[in-house]
Amino acid sequence: MSDKKKNIFITRPTLPDIIEFNSFLEKIWESKWLSNNGVFHNELEEKLKDYLNVNNITLASNGTLALMIGLKSLDLKGEVITTPFTYVATAHAIEWLGLNPVFCDINEDDYNINPEKIEALITENTSAIMPVHVYGNPCDHKSLNEICKKHNLKLIYDAAHCFDVLVDNQSVLNWGDLSVLSFHATKVFNTIEGGAVVSNSINNKKKLDSLRNFGFNEKNEIVRSGINAKMNEIQAAFGLMQLKGYQKLRQKREKVYNRYIDGLSNINGIILPELKNNVISNYSYFPVRITEDCIVNRDAIFDKLKSEKIYSRKYFYPLVSNMSPYKENPSSAEKSLPIANEVSNQILCLPIYEDLKQEEQNRIIKLINEFSNEKQYTV
Ligand code: T4K
């Protein structure tokens, strides 16, 4: 008998209506304008600025290049304190700028950088802190801001997971000197590949615009060493279409998220994500932490799901500080990153996306319960 079970991935990208998208493509074909500040590019920049309620936004071809031009715009030197519990692009961007990442341990509850452990890592070579709002959980901005003010450091957020996340009804993207978004296909708002840097002053935006375009200024002179990080017209048109349907999709993901909370809340040793009351989430990830109190470990659940064609992901394992380009870094010692190492060994992100069918999700919930719950599971 053939196995009819469908693959269930960690996420599936949102795609615009193909007929409507075609009308955008026709306009691009007609104009033959494909990149370099095209009409759709400029429209998306304006629309995102309004939608996200931010002062300035500079679109980029992907989140990694957005991180790089962001870091470059701050004229940093020496060391940047960051978290090892992130996607590897965070550390790579720092390295590519010729800077040294210094890894700081994370919190037990939200998995973000632990501000209480930062000051011990600050040296005369530290020039910035780059926290990550992991899974869209907002960092402790107040404490981070105070540390940066006290030590005269720049604060640049890797906000790749934080599209349209609000704290007290305000966008987290306005925090710090800069915030960087990713619009990769796997993100809740995607432009296939893409990213952006949010900045507070128009002068910063002008610098970022110049850095993403080889270093040209508005008079077409090269005034700095820039790179090519431009978003093209097809990506921008895709983004314009995504933006229209975004809120509806967010609500669908919220339902998926809450069904997991209901269905998995009774398992000994599994810690579910917790949203703070003043946070409006984008429901982009559903990380569960499988602790020693659970009768099975993280890898066993991962394998069990995989055997049923359900592809959860161990975001973020291995820890960046344990990866070969970073493991010799003095800040990578396991003893200085105990929480990050433990969480990285226990975390599992479950499939979450707007089109995840209820029966598919029920199957995931049932499997996890039956496999890891000592108590009898009834649907
Ligand atoms: N900072 C942080 C904190 C980040 O998380 C990221 C990226 C960045 C910076 C850098 O931003 P970008 O330069 O990427 O804009 C994925 C993404 O590639 C990456 O963007 C993301 N973080 C990271 C957390 O996840 P993988 O290696 O897990 O992706 P992949 O190809 O295995 O895709 C995951 C699943 O998604 C697939 O199993 C199926 C589904 N999928 C994926 C793609 C690409 C599709 O259904 N269709 C698709 O086109 O890294």
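Above this text is the structure in question.
Residues numbered from 1 in each chain as written. Predicted model: local features only at pLDDT ≥ 70, side-chain atom pairs only at ≥ 80, totals over all residues. Heavy atoms only, no water.

**Student:** Help me get a handle on the sheet that holds strand E8 (residues 178–182), residues and values and all.
**Tutor:** Spatially, the 7 strands line up as an open sheet ordered E1-E9-E8-E5-E4-E2-E3, and their pairing is mixed. Each edge of the open sheet carries a strand with a single partner, namely strand E1 (56–60) and strand E3 (100–103). Strand-to-strand, the axes of this sheet are offset by a mean angle of 25°, without reference to chain direction. Relative to strand E9 (residues 195–199), E1 runs antiparallel, the two sharing 5 bridges. (Pairing = 2+ DSSP bridges. Helix = DSSP H or I, 4+ residues; strand = E, 2+ residues; numbered from the N terminus. Axes fitted to C-alpha atoms, helices over the stretch in contact; angles between N-to-C directions.)

**Student:** Outline the sheet that holds strand E11 (residues 279–280), supporting the account with residue identities and numerical values.
**Tutor:** Spatially, E7-E6-E11 is the arrangement adopted by the 3 strands of the open sheet, whose pairing is antiparallel. Either end of the sheet is taken by a strand with one partner, and the two such strands are strand E7 (170–171) and E11. Bridging between strand E6 (residues 166–167) and E11 involves 2 bridges; their strand directions are antiparallel. Within the sheet, the bridge partner assigned to Val167 lies in E11 and is Val279.

**Student:** I'd love a proper account of helix H9 (residues 338–346), names of residues and values included.
**Tutor:** Taken as a whole, H9 has its buried residues at Ile339, Ala340, Asn341, Val343, Ser344 and Gln346. As for H9, its buried residues are in contact with strand E12 (286–290), helix H8 (298–307) and strand E13 (347–350). (Buried < 20%, exposed > 50% of the residue type's maximum accessible area, 1.4 Å probe, protein only. Contact = heavy atoms within 4.5 Å.)

**Student:** Describe in detail the site of the ligand, supporting the description with residues and values.
**Tutor:** Looking at the ligand, there are 26 residues lining it, with Arg12, Thr64, Asp158, Ser182 and Tyr315 nearest. Take Gly63: an N or O atom from its main chain is 2.8 Å from an oxygen atom of the ligand. At 2.9 Å, a side-chain N or O of Arg313 approaches an oxygen atom of the ligand. Contact with the protein chains removes 78% of the 920 Å² of surface that the ligand exposes when unbound. Broken down by secondary-structure element, the contributors of at least two residues to the shell around the ligand are helix H3 (63–73) and helix H4 (89–96). With 3 residues, H3 is the single largest residue contributor to the shell around the ligand. (Near = heavy atom within 4 Å. Polar contact = N/O pair within 3.5 Å; in protein donor to acceptor, adjacent residues only side chain to side chain. Areas by Shrake-Rupley, 256 points an atom, 1.4 Å probe, with all protein chains shown as cover.)

**Student:** Residue-level account of the pattern of salt bridges, with values.
**Tutor:** Side chains that differ in sign of charge can pair as their charged atoms come close. Within this structure, the stated rule accounts for 18 salt bridges. Close ionic contact of Lys205 with Glu45 constitutes a salt bridge, the shortest N to O distance being 3.0 Å. Taken together, the residues Lys205 in helix H6 (residues 202–211) and Glu45 in helix H2 (residues 39–52) connect sequence positions 160 residues apart. The exposure class of Glu45 is buried, given its relative accessible area of 9%. Close ionic contact of Asp299 with Arg298 constitutes a salt bridge, the shortest N to O distance being 2.6 Å. When its relative accessible area of 33% is taken as the criterion, Asp299 is described as partly exposed. (Salt bridge = Lys/Arg side-chain N within 4 Å of Asp/Glu carboxyl O.)

**Student:** Which residues make up the environment of Ser35, and what values do they have?
**Tutor:** On the secondary structure map, Ser35 appears in the loop between helix H1 (18–31) and H2. Residues Ser35 and Met231 lie 196 residues apart in sequence; the distance between their C-alpha atoms is 6.9 Å. Apart from the residues lying within four places of it in its own chain, the contact partners of Ser35 are Lys230, Met231, Asn232 and Glu233.

**Student:** An account of the nonpolar core is needed here, citing residue identities and associated values.
**Tutor:** Soluble, globular proteins show a tendency: their nonpolar side chains are buried together. Counting 48 residues, the largest nonpolar core has Leu48, Ile118, Phe163 and Phe183 as the members making the most contacts within it. Elements supplying a minimum of two residues to this core: H1, H2, E1, helix H5 (141–151), strand E5 (154–158), E9 and helix H7 (233–264). For this core, the leading source of residues is H7, giving 7 residues. Those residues in contact with Phe183 that lie beyond four places of it in its chain are Leu48, Leu59, Phe163, Phe189, Asn190, Thr191, Ile192, Glu193, Gly194, Gly195, Ala196 and Met231. Core analysis: the next-biggest nonpolar cluster, separate from the first, contains 27 residues, Ile290, Val296, Ile301 and Tyr353 among them. (Core = buried A, V, L, I, M, F, W, Y, C linked by side-chain atoms within 4.5 Å.)

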